[in-house]
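Chain by chain, the residues:
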Amino acid sequence: MNKTVDDLKFIAGVPEKDLYWDLFQTTGWNEEYRFSRDELGRSLENSWHTVSVYNRRQLIGFGKVISDGVHHALIADLIVHTEFRGRGIGSEIMERLVKRCREENIRDIQLFAARGKYLFYEKLGFKKRDEDAPGMEYR
């Protein structure tokens, strides 16, 4: 069941560590990563730019950019609480993240996308990398 949206606030800034912890747990990603609350807090502090979305005092959406501020930017950790999806919140977060990168004239904006979410990101102007494109992942 989707919760009602009372008063959404989009804020450029790092959320409180405990609020982010609660939102991050809704993704299921921590079953693989096994981050501690403090590790996730450090990841927030080391982000180049973040957008946090609140419904009243609950953090319901988040996205971040990791960047050198000139050449490369990587958008990661786009999260919208499951009870608030389908309302354009994720799209708005992405638009704000990309806008900030473009304002700084960053030449290379990349995306770390969750499995099965390609269509969502393609609607926002992203495309899959070609098979012979540069880039790999360390496992």
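Scroll up to find the structure.
Only a predicted model underlies this, so the values are computations on that prediction, with no experimental measurement involved. (Residues numbered from 1 in each chain as written. Predicted model: local features only at pLDDT ≥ 70, side-chain atom pairs only at ≥ 80, totals over all residues. Heavy atoms only, no water.)

**Looking at the nonpolar core**
- Of all hydrophobic cores here, the largest spans 18 residues; its most connected members are Val 65, Ile 75, Ile 89, Ile 93, Met 94, Leu 97 and Phe 126.
- Every element with two or more residues in this core is listed here: strand E2 (49-55), strand E3 (58-67), strand E4 (72-80) and helix H4 (89-103).
- When residues in this core are grouped by element, the largest group, six residues, is from H4.
- Filtering out sequence-adjacent residues up to four positions away, Ile 93 remains in contact with Phe 10, Val 51, Val 53, Gly 61, Phe 62, Gly 63, Leu 78, Ile 79 and Val 80. (Core = buried A, V, L, I, M, F, W, Y, C linked by side-chain atoms within 4.5 Å. Buried < 20%, exposed > 50% of the residue type's maximum accessible area, 1.4 Å probe, protein only. Helix = DSSP H or I, 4+ residues; strand = E, 2+ residues; numbered from the N terminus. Contact = heavy atoms within 4.5 Å.)

**A short note on the pattern of salt bridges**
- According to the stated counting rule, one finds seven salt bridges in the structure shown.
- For Arg 37, the salt bridge goes to Asp 18, with nearest N and O atoms at 3.2 Å. One end of the pair, Arg 37, is in helix H3 (residues 37-45); the other, Asp 18, is in helix H1 (residues 17-25), and 19 residues separate them in sequence.
- With relative accessibility at 42%, the residue Asp 18 sits in the partly exposed group.
- One salt bridge connects Glu 104 with Arg 100, and the closest N-O pair in it is separated by 3.7 Å. (Salt bridge = Lys/Arg side-chain N within 4 Å of Asp/Glu carboxyl O.)

**Some points on the sheet that holds E2**
- Taken together, five strands build an open sheet; the order of strands is E1-E2-E3-E4-E5 and the sheet is mixed. Every interior strand has two partners, whereas the edge strands, strand E1 (8-12) and strand E5 (108-111), have only one. Adjacent strand axes in the sheet meet at a mean angle of 20°, parallel and antiparallel pairs treated alike.
- Pairing between E1 and E2: five bridges, direction antiparallel. (Pairing = 2+ DSSP bridges. Axes fitted to C-alpha atoms, helices over the stretch in contact; angles between N-to-C directions.)

**Looking at the side chain of His 49**
- On the secondary structure map, His 49 appears in strand E2.
- Among the polar contacts listed, one links the side chain of His 49 to the side chain of Arg 100, at a separation of 3.3 Å.
- The residues touching His 49, leaving out its near neighbours within four places in the chain, are Ala 12, Gly 63, Lys 64, Val 65, Leu 97 and Arg 100. (Polar contact = N/O pair within 3.5 Å; in protein donor to acceptor, adjacent residues only side chain to side chain.)

**As for H4**
- Between its first and last C-alpha atoms H4 spans 21 Å; for 15 residues at 1.5 Å apiece the expected length is 21 Å, and the two agree.
- Those residues of H4 lying buried are Ile 89, Gly 90, Ile 93, Met 94, Leu 97, Val 98 and Cys 101. Projection of H4 onto a plane perpendicular to its axis shows the buried side chains occupying an angular sector of 165°, all on one side. The exposed set on the far side of H4, more than 90 degrees from its buried face, consists of Lys 99, Arg 102 and Glu 103.
- Buried-residue contacts for H4 involve E1, E2, E3, E4, E5 and helix H5 (118-122). (Expected span 1.5 Å × (residues − 1). Arc of directions from axis to C-beta.)

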